[in-house]
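Letter by letter, the chains look like this.
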Amino acid sequence: MSQQIDDAPRTEAIPVARLRWWTELPLLLLVYGAYTAGRLLARGDVSTAVDHGLAILKAEKVVRLNLEHPLNRLFTREAWIGVPADFWYASLHYVVTPAVLIWLFRRRALLYRTARTWLMTSTMIGLIGFTLLPTCPPRLLTAGHGFVDTMAQYSSYGWWGGAASAPKGMGGMTNQYAAMPSLHVGWALWCGIMLWRHGGSRWAKAAGVAYPLITTIVVMGTANHYFFDALAGVAVMGVGLLLTKPVMRVAALVRDWAGGLFVGVRGGTATAPSATRSSNVSGECQTSPGERIPRQRKAATQRDTGDGAAAPAR
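Anyway, here's the lowdown on the structure attached to this text. (Residues numbered from 1 in each chain as written. Predicted model: local features only at pLDDT ≥ 70, side-chain atom pairs only at ≥ 80, totals over all residues. Heavy atoms only, no water.)

Side note on the overall build of the chain
The cut-off we apply is this: Helix numbering and strand numbering both begin at the N terminus, where a helix is a DSSP run of H or I of at least 4 residues and a strand a DSSP run of E of at least 2. Think of it in three bands: with a 1.4 Å probe and only protein chains considered, a residue is buried below 20% of the maximum accessible area for its type, exposed above 50%, and partly exposed in between. The contact criterion used throughout is that any non-hydrogen atoms of two residues lie within 4.5 Å.
The secondary structure content of the chain amounts to 11 helices and 4 strands. Sorting the 314 residues of the chain into buried and exposed places 39% on the buried side. Contacts in the chain between residues at least 24 apart in sequence constitute 79% of all its contacts with a sequence separation of at least 6.

Take a look at the structure:
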């Protein structure tokens, strides 16, 4: 997966416009706004969300997976683990991902556009999952299922209340049934791949491995996601990667169409360089018709006659 994202900018002949932060920032804010609004609109029926959550638990038992219960009991019993985990869940998702995007924008410009498109495409796929499959997280199931909401338990330590990672008093503004897929895990995987492939130091590579792994443990230990939610987050990122190049091609076509439309509205005409107009090209230096590069006139007034003597050019 990481090899594809690494090679994409070099192997694909996709028209690339120069990156500008004042165009990138509104684009990212627009996508994140659509993601947030979509989560709020796709709350779904509570009973349906609970049924989906119980179905996931049942499916995990069929394949003998029960990672959530032991992790949740550990986080509930040991505050020195549970409290940092709650801070991890409530903050790093919204800090590390933008930080990696900014780093790519400033230091890896050729890679940035592909990486950003991958992240946004996967996020939109995740939004479809929230809409079609509202899922009750483990922490909201009845006590008989054995889960404890660690963020509610340790809410006095942080800014959040009893409604997941939302600030106190703002729980009603979030969709608490957007558990499937886990984009906490998906975004962490994206960050991990970027750090591993392009970090350039051992510490960056170590962070690239540790961040998605710890995030996966945290989302289960805090009872915010099932293990299958985490797997779905990984799958969403895989599908998003496969769709990245087609999305970039479509975006380039739309950009060209919009540019042509803008020229047409202004009454101008877009003209390509004429094939009948010639220019002198040397390496990456191009001159205008009639312009001479240094020493060109001297070279042009002579030509080899074949016997070593110079003759005037005709």
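On we go from here.
Here we look at the pattern of salt bridges
Applied cut-off: Put simply, a salt bridge is a Lys or Arg side-chain nitrogen that is within 4 Å of an Asp or Glu carboxyl oxygen.
The final tally for this structure, using the stated rule, is 2 salt bridges. Note that Glu78 is salt-bridged to Arg77, the shortest N-O span being 3.6 Å. Taking the relative accessible area as the measure of exposure, Glu78 reaches 25% and is therefore partly exposed. In this structure, the salt-bridge partner of Asp149 is Arg139, at a minimum N-O distance of 3.2 Å. On the criterion of sequence distance, the pair formed by Asp149 in the loop between α6 (109-132) and α7 (150-153) and Arg139 in the loop between α6 and α7 is long-range, its members being 10 residues apart. Overall, the relative accessible area of 12% leaves Asp149 in the buried class.

Some details on the side chain of Asn224
Formally: N or O atoms within 3.5 Å of each other form a polar contact, as long as, within protein, one can give a hydrogen and the other can take it, and as long as residues adjacent in sequence are counted only when both atoms are side-chain atoms.
In this structure, Asn224 sits in the loop between α9 (202-221) and α10 (227-266). Classification of Asn224 by relative accessible area gives buried; the value is 3%. Side-chain polar atoms of Asn224 contact the side chain of Arg139, separated by 3.0 Å. Engagement of the side chain of Asn224 in a polar contact is seen with the side chain of Thr222, the distance being 2.8 Å.

Points about the nonpolar core
Across soluble globular proteins, nonpolar side chains have a tendency to be buried as a group. Rules: By convention a nonpolar core is built from buried Ala, Val, Leu, Ile, Met, Phe, Trp, Tyr and Cys residues, the set being connected through side-chain atoms within 4.5 Å.
By size, the foremost hydrophobic cluster in this structure holds 24 residues, and its most contacted members are Val100, Leu104, Ala115, Trp118, Trp190, Cys191 and Met194. Broken down by secondary-structure element, the contributors of at least two residues to this core are α5 (79-107), α6, α8 (183-198) and α10. Looking at this core, the element that brings in the most residues is α8, giving 8 residues. Ignoring anything within four residues of it in the chain, the contact list for Trp190 reads Thr97, Val100, Leu101, Leu104, Ala115, Trp118, Leu119 and Met237.

Comments concerning helix α4 (residues 68-77)
Definition in use: The directions from the helix axis to the C-beta atoms are what the arc is built from.
Among the residues of α4, those classed as buried are Glu68, His69, Leu71, Asn72 and Phe75. Along α4, the residues classed as buried sweep out an arc of 165° about the axis, all on the same side.

Here's the deal with unusual backbone geometry
Note the cis peptide between Met180 and Pro181, where omega equals 0°. Within the fold, Pro181 resides in the loop between α7 and α8. Positive phi is not limited to glycine here, since Arg64 has a value of about 60°. One can find Arg64 in the loop between α3 (46-62) and α4. We classify Arg64 as exposed; its relative accessible area is 77%. The backbone phi angle of Ala223 is positive, close to 65°, even though this residue is not glycine. Along the polypeptide, Ala223 turns up in the loop between α9 and α10. Since its relative accessible area comes to 0%, Ala223 is described here as buried.

A look at a nonpolar patch on the surface
We count it as follows: Like charges are joined within 9 Å and nonpolar side chains (Val, Leu, Ile, Met, Phe, Trp, Tyr) within 5 Å, but only among residues with over 30% relative accessible area and no salt bridge; these make up the patches. Shrake-Rupley sampling with a 1.4 Å probe provides the accessible areas, and residues are treated as covered by the protein chains on show and by no other component.
A surface patch of nonpolar side chains, amounting to about 300 Å² of accessible area, comprises Ile128, Leu132 and Leu133. Within the fold, Leu132 resides in helix α6.

Structural notes on the packing of α8 against α9
Heads up, the condition is: A fitted line through C-alpha atoms serves as each axis, taken over the contacting stretch for helices, and the angle formed by two N-to-C directions is quoted from 0 to 180°. Should an angle fall under 35 degrees it is taken as roughly parallel, and over 145 as roughly antiparallel, whereas 65 to 115 is taken as roughly perpendicular and any remaining angle as oblique. Under the grouping applied here, Gly and all other residues not named as nonpolar or charged are polar, the nonpolar ones being Ala, Val, Leu, Ile, Met, Phe, Trp, Tyr, Cys and Pro and the charged ones Asp, Glu, Lys and Arg.
At their nearest, the axes of α8 and α9 sit 7 Å apart, and the two run at 170° to each other. Between α8 and α9, the interaxial angle falls into the category roughly antiparallel. Of α9, the residues touching α8 (which contributes His184, Val185, Ala188, Leu189, Cys191, Gly192, Leu195 and Trp196) are Ala204, Lys205, Ala207, Gly208, Val209, Tyr211, Pro212, Thr215, Thr216 and Val219. Here the residues of the contact of α8 with α9 are counted per class, giving 12 nonpolar, 5 polar and 1 charged.

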